[in-house]
Every structure is written in C-alpha cells, then in structure tokens.
Amino acid sequence: MPASLRLRVPGKLMVAGEYAVLEPHQPAIVVAVERYVEAHLALAEAHAICLPGYGLDDVGFEPGPGGVAFASDDARLRFVGEALTVALAAVGRPVPPFRITLHSGLDDAHGRKFGLGGSAAAVVAVVAAVLNAFEGPAPPMRIFKVAAVAHLRAQGSGSGADVAASTFGGWLRYASFNPTWLAGRLARGGPLAEVLAEPWPFLAVERLSPLPRDLRLCVGWTGQPASTRDLLVGVAELPTRDPEAYEAFLAESRAAVEHLAAGLQSANRFRALDALRRNGEALRRLGKAAGLPIVTPALLALADAAEEAGGAGKSSGAGGGDCGVALVFGEVEAIRLEAAWLAAGITPLRLGTSDAGVAVTELAP
C-alpha cells in the first residue's frame, strides 16, 4: 500500500451518437481530451477530501455501512461522495485514513464550464485513486465499472460514455451498458462484487485506431451554458409521444456513427465528413420532433462555418449550448475554421486528444 499516489484522468467530448447511446446496442463515438482532473491520495490521520476549485478544503468524512458521511452538507460533494462510497465498497475491507485532493483543469481560469465531463472525470479520478492505493494496479475495466456505478448513483441517468473516455482514453466506439439495466441490477441488491464481476449486457468499448494523420478535431465553445438534465428529460418523453420519430432518429444515429467509425479507420475523409454531417442532421430533427433547442443558432453557425472550411461540424453532447465539434483534414483548414468561428462569436478551444486514460504519475512507497 503506497503512502501516496498521484494520477490524472482526461476529460471528454462526444463526437457522435448523442442521446441514442442511452438505448441498448446504440453506438457512439467519444474522445478523451488533453485537459485533466488530477488526484492526490495520501495516508493521513483522518479521512478528508479537498476540492480547492470549489473552496472546499479538508472536508472530513467517515465511511459507514450506508455510505460515506461528510462533515458538510454541500451539494457539490455528491459525485465524489458516491465515488468514495462505491470505491470503498469495491475494496471490501477497512482501509487506513487518507486525504484525497482533486484539481480540475477542465474549466477555464474564470470557472467557465465547457461541457468536458467534469463530474465523470472527478468520479473516475477518485475511484482510480482508491483502487490503485488499496488494491494495487487496477485494470481499466474495473475502474470503469466502479466509476459507472458511482456516476449513475449520483446522476440518476447517463450512458457512461464520459466515464469510458476518462478511463480508457483515445477515440472510442462505445455502446452503453444501458442505465436502466444497471439501475435495475443495483436495485436487486446483493454484493457489489457480483455486479462488478458479471458481464454487463450491451456494453462495448472499442478503441478506434489508427486514425488519419491529417485529421483535425476542432472544438468551438458557444458561450451559452446548457441544461443537460432538462434536455434529457424532454427527449425521454419522445418515445411515448412520437415513437415513429424516435425510432427514425435511432436508425439515423446508428447508421451515421457506424459510417463515421468506418470512415475514420479506413482514412476515408469523405465518408467520415458525410457521416458526421448526417449525425448532426439527425440531432436537428430530434430537437424539432421533441420541441427542444438541441441545435441552437450558435451551434448551427458553428456547423455552417465548418462546411465552408471544407469540413463538417455538429453539436456535442446534449447540445443546447456549450461546445460543438468539427472534423477537418489539414492544419490550414483548421486555422481557417477557427478564424471563421471567432468572427461568428464562437471561441475555439485548442484541445488535443489524450491517448491515455487513467495514468498514475507518481507512486510513493
């Protein structure tokens, strides 16, 4: 058991397959980005967690049969609380007191959020730190499953794609374990070890590589915050209200994602761009059918600028604001696109992709 360790996990961007990925056998493409949440775990005299970005320093906690109990009722501790609870349950034995500190580089210096999966990355960081400290080197799939359980318990829904990107890194073709299935499985009770050991139906995580050398992933921030929860709730009503429109969306999304994955792996730029374009159009039709602003005017302008630069663009994640993504081939085209975005009031974010997921950066015996 090390006296301390440091690790980091990347944030994420959804590239294609949003909303559909919540359904069984529906794929998505997600990528890890070179902005990180860093965790430092060290043995201490008493259990404590520090979130300096939130002004929360040395918040004490106690593990118990009902989960971790904090010496604070701050709601911002919800995700890390579930991460600690589930990770310690996975370890399955008492551990010595420790102090864990998280630093997030997923927002900017002013605290503005870009939709890079901060809560998921924080959960993965806590889970990975606890498992690596008290079990030894943790396999990525174990980290993923423990973090997925914790994130679902904290959020109540979600595909786990952001958890996968933070855990495994790189470009991923991802199909969800299905949150309804996992919630039902957890509700049945029984040891957590059994849930973690058994196969998870529907789950598939596949690394996409190699990718075209001249591929450029461009990211633009609209400056508009998005209410992901409200959008998810609205889309969840569509299968009952207009099942035909919803099924059409699922079919369109699946076809677009599969074509995008094939286009990227075969270095067929025309197929890749056409597929990304088709997925963006499917999301626009979904928003129209559900009566939701998934593709805002700013996100539409972002996509139009990508077309004019010889690429293709779309909303990323739940939409409604936050970031959009574009694919172009060549540095000249990427520079041209960023200039067009700036002229349209969209902030380009220089986000490289992170090939690594969870990475232990320091281990002290």
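Residues numbered from 1 in each chain as written. Predicted model: local features only at pLDDT ≥ 70, side-chain atom pairs only at ≥ 80, totals over all residues. Heavy atoms only, no water.

Moving on, we get to the overall build of the protein chain. A tally of helices and strands in the protein chain yields 12 helices and 13 strands. Here the C-alpha atoms of the protein chain give a radius of gyration of 20 Å, agreeing with the 21 Å that 2.2 N^0.38 yields for 365 residues. The principal-axis extent of the C-alpha atoms belonging to the protein chain is close to 60 × 40 × 35 Å. With 365 residues in all, the protein chain has 53% of them scored as buried. Contacts in the protein chain between residues far apart in sequence, at least 24 positions, make up 74% of those at least 6 positions apart. When the accessible surface of the protein chain is split by element, carbon and sulfur atoms take 54% of a total near 15200 Å². Of the side chains in the protein chain, 32 bear a positive and 37 a negative charge, and the two mean positions are spaced by 3 Å. (Helix = DSSP H or I, 4+ residues; strand = E, 2+ residues; numbered from the N terminus. Rg over C-alpha atoms; globule rule 2.2 N^0.38 Å. Buried < 20%, exposed > 50% of the residue type's maximum accessible area, 1.4 Å probe, protein only. Contact = heavy atoms within 4.5 Å. Areas by Shrake-Rupley, 256 points an atom, 1.4 Å probe, with all protein chains shown as cover. Lys, Arg positive; Asp, Glu negative; His and termini not counted. Charge placed at Lys NZ, Arg CZ, Asp CG, Glu CD.)

Attention now goes to the nonpolar core. Residues Phe98, Val130, Phe144, Trp171 and Leu260 are the most contacted members of the largest nonpolar core, which totals 99 residues. Per element, the largest residue contribution to this core is 14 residues, and it comes from helix α2 (residues 118-134). (Core = buried A, V, L, I, M, F, W, Y, C linked by side-chain atoms within 4.5 Å.)

Following the sequence through the fold, Asn279 ends up in helix α10 (residues 269-290). Engagement of the side chain of Asn279 in a polar contact is seen with the backbone nitrogen of Gly17, the distance being 3.1 Å. (Polar contact = N/O pair within 3.5 Å; in protein donor to acceptor, adjacent residues only side chain to side chain.)

Paired through backbone hydrogen bonds, the strands of a sheet run either parallel or antiparallel to each other. Read from one edge to the other, the open sheet built from four strands follows the order β10-β11-β9-β12, with strand pairing classed as antiparallel. The two strands at the open ends of the sheet, each matched to only one other strand, are β10 (312-315) and β12 (347-349). The sheet shows a mean angle of 30 degrees between the axes of neighbouring strands, direction not considered. Two elements, β10 and strand β11 (residues 323-329), share four bridges in a ladder whose sense is antiparallel. Directly across from Lys314, in β11, lies its bridge partner Val325. Across the sheet, α10 lies against β10 and β11, angled at about 30 degrees from β10, the strand it touches most. (Pairing = 2+ DSSP bridges. Axes fitted to C-alpha atoms, helices over the stretch in contact; angles between N-to-C directions.)

Moving on, we come to the pairing of strand β4 (residues 56-62). Regular strands place their side chains on alternate faces of the sheet. Relative to β4, strand β3 (residues 48-51) runs antiparallel, the two sharing three bridges. Its bridge partner lying in β4, Ala48 is registered against Gly60. Connecting β3 to the antiparallel partner β4 that follows it, the hairpin turn spans four residues, and Gly55 within it adopts a positive phi of roughly 70 degrees. Where β4 meets strand β5 (residues 69-70), two bridges bridge the pair, whose relative direction is antiparallel. From the neighbouring strand, Glu62 faces β5, where its bridge partner is Ala69. As consecutive antiparallel partners, β4 and β5 are separated by six residues, and within that stretch Gly67 has a phi angle of approximately 115 degrees, a positive value.

What follows deals with the packing of helix α1 (residues 78-91) against α2. Interaxial distance between α1 and α2 falls to 9 Å at its minimum, and their mutual angle equals 30 degrees. Looking at the two axes, α1 sits roughly parallel to α2. Note on packing geometry: the crossing formed by α1 with α2 is right-handed. Across the interface between the two elements, Phe79, Val80, Ala83, Leu84, Ala87, Leu88, Ala90 and Val91 from α1 touch Ser119, Ala122, Val123, Val126, Val127, Val130, Leu131 and Phe134 from α2. (Parallel < 35°, antiparallel > 145°, perpendicular 65-115°, else oblique. Left-handed = near helix turned anticlockwise from the far one by under 90°.)

Taken together, the buried positions of helix α7 (residues 228-236) are occupied by Leu231, Gly234 and Val235. Mapping the buried residues of α7 onto a view down its axis gives an arc of 95 degrees, with all of them on the same face. Of the exposed residues in α7, those oriented more than 90 degrees away from the buried face are Arg229 and Ala236. Tucked into the core, α7 has its buried residues touching α8 (238-241), α9 (243-265) and α10. (Arc of directions from axis to C-beta.)

Peptide bonds are, in most cases, trans, and in most cases residues other than glycine have a negative phi. Omega for the bond connecting Ser209 with Pro210 falls within 30 degrees of zero, at -5 degrees, which places this linkage in the cis form. In this structure, Pro210 sits in the loop between β8 (204-207) and β9 (215-221). Positive phi values are uncommon outside glycine, yet His25 reaches one of about 65 degrees. For His25, the location among the structural elements is in the loop between β1 (4-16) and β2 (27-43).

Before going further, it helps to spend a moment on the pattern of salt bridges. Counted under the stated rule, the structure contains 16 salt bridges. A salt bridge links Arg6 to Glu362; its shortest N-O distance comes to 3.5 Å. Of this pair, Arg6 sits in strand β1 while Glu362 sits in strand β13 (residues 359-364), and the two are 356 residues apart along the sequence. Of the residues examined, Glu362 reaches a relative accessible area of 39% and is grouped as partly exposed. Arg277 is the partner of Glu307 in a salt bridge, and the nearest nitrogen-oxygen pair spans 2.5 Å. One end of the pair, Glu307, is in helix α11 (residues 297-308); the other, Arg277, is in helix α10, and 30 residues separate them in sequence. Overall, the relative accessible area of 26% leaves Arg277 in the partly exposed class. Linked through salt bridges whose partners overlap, the residues forming this network are Asp274, Arg277, Arg278 and Glu307. (Salt bridge = Lys/Arg side-chain N within 4 Å of Asp/Glu carboxyl O.)

Scope: geometric values only; no functional claims are made or implied.
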